[in-house]
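# Descriptive analysis of the structure
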Amino acid sequence: MSNPKVSIIVPMYNREKTIITCLDSISQQTFNDFEVIVVDGNSTDKSIELVNEYCKVDDRFRLIRNLKTHVTPDNVCLGMENATGEYISFVDSDDTIEPDFLETLYNNLTKYDCDISQVAFIGNNTNEIKVYRDNDFKKVQNNILKYSKQYSRCLRMFKREFIKDIIKYYSQYHDIIWEDTIFTFVLFLSAKSFVIQN
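For every chain, the first residue of the written sequence is number 1, and numbering continues from 1 along that sequence. Given that this is a predicted model, residues contribute local features only at a pLDDT of at least 70 and side-chain atom pairs are listed and counted only at 80 or more, while totals for whole chains, interfaces and linings are drawn from all residues. Computation of side-chain values: all heavy atoms of the structure, hydrogens and water removed.

## Remarks on the overall build of the protein
To qualify as a helix, a DSSP run of H or I must reach at least 4 residues; to qualify as a strand, a run of E must reach at least 2; elements of each kind are numbered from the N terminus. Counting its secondary structure elements, the protein contains 7 helices and 8 strands. Contacts are assigned to residue pairs with any non-hydrogen atoms lying within 4.5 Å of each other. Considering only residue pairs separated by 6 or more positions, the protein has 80% of its internal contacts joining residues 24 or more positions apart. Summing over all exposed atoms, the protein offers an accessible surface of approximately 10,200 Å²; the carbon and sulfur share of this is 48%. In this description, accessible areas are obtained by the Shrake-Rupley approach with a 1.4 Å probe, and a residue is regarded as covered only by the protein chains that are shown.

Next comes the structure, spelled out in structure tokens:
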């Protein structure tokens with residue numbers, strides 16, 4: 001069996017109330033050539049039991065346990081180490097995604113051959129697509145401030161070759177509040193190109 005096109009990493013810690021809704025939203029994607037890696041940070045509720053049952057029903061999903069820490073950056077990095085897809089996306093375990101989320105990100109990323117693909121918030125959709133291939137720091141910085149309305153690692157898809165070395169440093173941010181903000185800025189400022197669909 002060939003590797004999936006996309007690996008989705010879902011860090012989880014004590015999310016028994018939200019994890020099934022999250023995984024359901026992923027399983028119902030219009031794009032289905034993916035794997036989901038749920039990385040549990042040693043949950044003490046029923047999260048692990050729920051995900052184990054889910055994995056039995058859908059073999060695209062698998063659970064990895066990190067018994068050392070529940071810190072999100074460490075679990076994201078562990079998920080990346082186990083990912084096999086050519087492209088990487090992230091979904092938080094208390095979030096849900098729209099049915100065409102992966103399809104939109106994947107199609108734009110491959111069509112325009114960019115390092116990063118991003119979609120807008122729900123309700124902000126105009127279907128306008130903008131592609132940036134500008135290495136000028138100020139222009140790239142302005143684009144981040146204008147279009148990255150949320151500095152989460154979610155809402156995006158990345159080329160594996162682009163993100164694999166950068167993400168190694170993500171674990172250094174585990175003592176920082178809003179560590180996603182720093183990480184996202186590093187990603188955008190490291191990218192040679194990105195595409196955003198509003």
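Moving on, there is more to tell.
## Description of the packing of aromatic side chains
Pairing of aromatic rings covers Phe, Tyr and Trp, the last counted by its six-membered ring, and requires centre-to-centre distances within 6.5 Å; plane angles under 30 degrees mean stacked, over 60 mean edge-to-face, and any other angle means tilted. In this structure the tally under the stated criterion is 5 aromatic pairs. Their ring planes at 90 degrees and their centres at 6.4 Å tell us that phenylalanine 34 and phenylalanine 61 sit as a pair that is edge-to-face. Remark: phenylalanine 61 occurs in strand E3 (residues 61-65) and phenylalanine 34 occurs in strand E2 (residues 34-40); sequence separation between them is 27 residues. Grouping residues by exposure puts phenylalanine 34 and phenylalanine 61 together as buried. Exposure classes here rest on a 1.4 Å probe applied to the protein chains alone. A residue is buried below 20% of its type maximum, exposed above 50%, and partly exposed in between.

## Quick look at helix H1 (residues 19-27)
Every buried residue belonging to H1 is among Ile19, Cys22, Leu23, Ser25 and Ile26, and all of these are buried. Here the buried residues of H1 occupy an arc of 155 degrees about the axis, which is enough to place them on one side. Its buried side turned inward, H1 meets strand E1 (6-12), E2, helix H2 (47-57) and E3. Arc definition: it is the arc formed by the directions from the helix axis to the C-beta atoms.

## Digging into the pairing of E3
Pairing between E2 and E3: 5 bridges, direction parallel. Each residue of the ladder has a partner; that of valine 38, found in E3, is leucine 63. When DSSP locates at least two bridges between a pair of strands, those strands are taken to pair.

## So, the nonpolar core
In globular proteins that are soluble, nonpolar side chains generally tend to be buried together. By convention a nonpolar core is built from buried Ala, Val, Leu, Ile, Met, Phe, Trp, Tyr and Cys residues, the set being connected through side-chain atoms within 4.5 Å. Ranked by size, the top nonpolar core spans 30 residues in total, and within it Val6, Ile8, Val10, Leu23, Ile26 and Val36 carry the most contacts. Counting residues per element, the ones that place at least two in this core are E1, H1, E2, H2, E3 and helix H4 (101-112). Among all residues touching isoleucine 26, those that are not within four sequence positions of it are Ile8, Val10, Phe34, Val36, Phe61, Val91 and Ile97. Counting residues in hydrophobic clusters, the runner-up holds 24 residues, among them Ile9, Met80, Tyr132 and Ala191.

## Things to note about the side chain of asparagine 66
Tracing the chain through its elements places asparagine 66 in the loop between E3 and helix H3 (72-82). Counting of polar contacts relies on pairs of N or O atoms within 3.5 Å, with two restrictions inside protein: one atom must be capable of donating a hydrogen and the other of accepting it, and residues adjacent in sequence are counted only when both atoms are side-chain atoms. A polar atom in the side chain of asparagine 66 sits 2.8 Å from the side chain of asparagine 75. If we ignore the near neighbours within four places in the chain, the residues touching asparagine 66 are Asp40, Gly41, Asn42, Asp74, Asn75 and Leu78.

## As for the sheet that holds strand E6 (residues 129-132)
Within the open sheet, the 8 strands sit side by side as E3-E2-E1-E4-E7-E5-E8-E6. Their pairing is mixed. With partners counted over all chains shown, the strands left at the sheet margins are E3 and E6, one partner each. Shown here is a sheet whose adjacent strand axes are inclined to one another by a mean of 20 degrees, direction ignored. In this structure, E1 lies alongside strand E4 (residues 87-90), joined through 4 bridges in parallel fashion. Its bridge partner being in E4, serine 7 is matched across the sheet by isoleucine 88. Axis geometry follows a simple rule: fit a line to the C-alpha atoms, using only the stretch in contact for helices, then measure angles between N-to-C directions, giving values from 0 to 180 degrees.

## Section: the packing of H1 against H2
To describe two helices that pack against each other, one gives the angle between their axes and the distance between the axes. Running from N to C, H1 and H2 cross one another at 25 degrees; their axes reach a closest spacing of 10 Å. Comparing their axes, H2 and H1 come out roughly parallel. For the pair H1 and H2, the crossing hand works out as right-handed. Contacts between H1 and H2 pair Ile19, Ile20, Leu23, Asp24 and Ser27 from the former with Leu50, Val51 and Tyr54 from the latter. Think of it as three bins: nonpolar holds Ala, Val, Leu, Ile, Met, Phe, Trp, Tyr, Cys and Pro, charged holds Asp, Glu, Lys and Arg, and polar takes everything else, Gly as well. Of the residues belonging to the contact of H1 with H2, the class tally is 6 nonpolar, 1 polar and 1 charged. In this scheme, roughly parallel covers angles under 35 degrees and roughly antiparallel covers those over 145, while 65 to 115 is roughly perpendicular and the rest are oblique. Definitions for this section: a left-handed crossing has its near helix turned counterclockwise from the far helix by less than a right angle. A right-handed crossing has that turn clockwise.

## Quick word on unusual backbone geometry
Despite not being glycine, asparagine 14 has its phi angle at roughly 50 degrees, a positive value. Secondary-structure assignment places asparagine 14 in the loop between E1 and H1. The backbone of asparagine 42 shows a phi angle near 65 degrees, a positive value even though the residue is not glycine. Mapped onto the secondary structure, asparagine 42 falls in the loop between E2 and H2.

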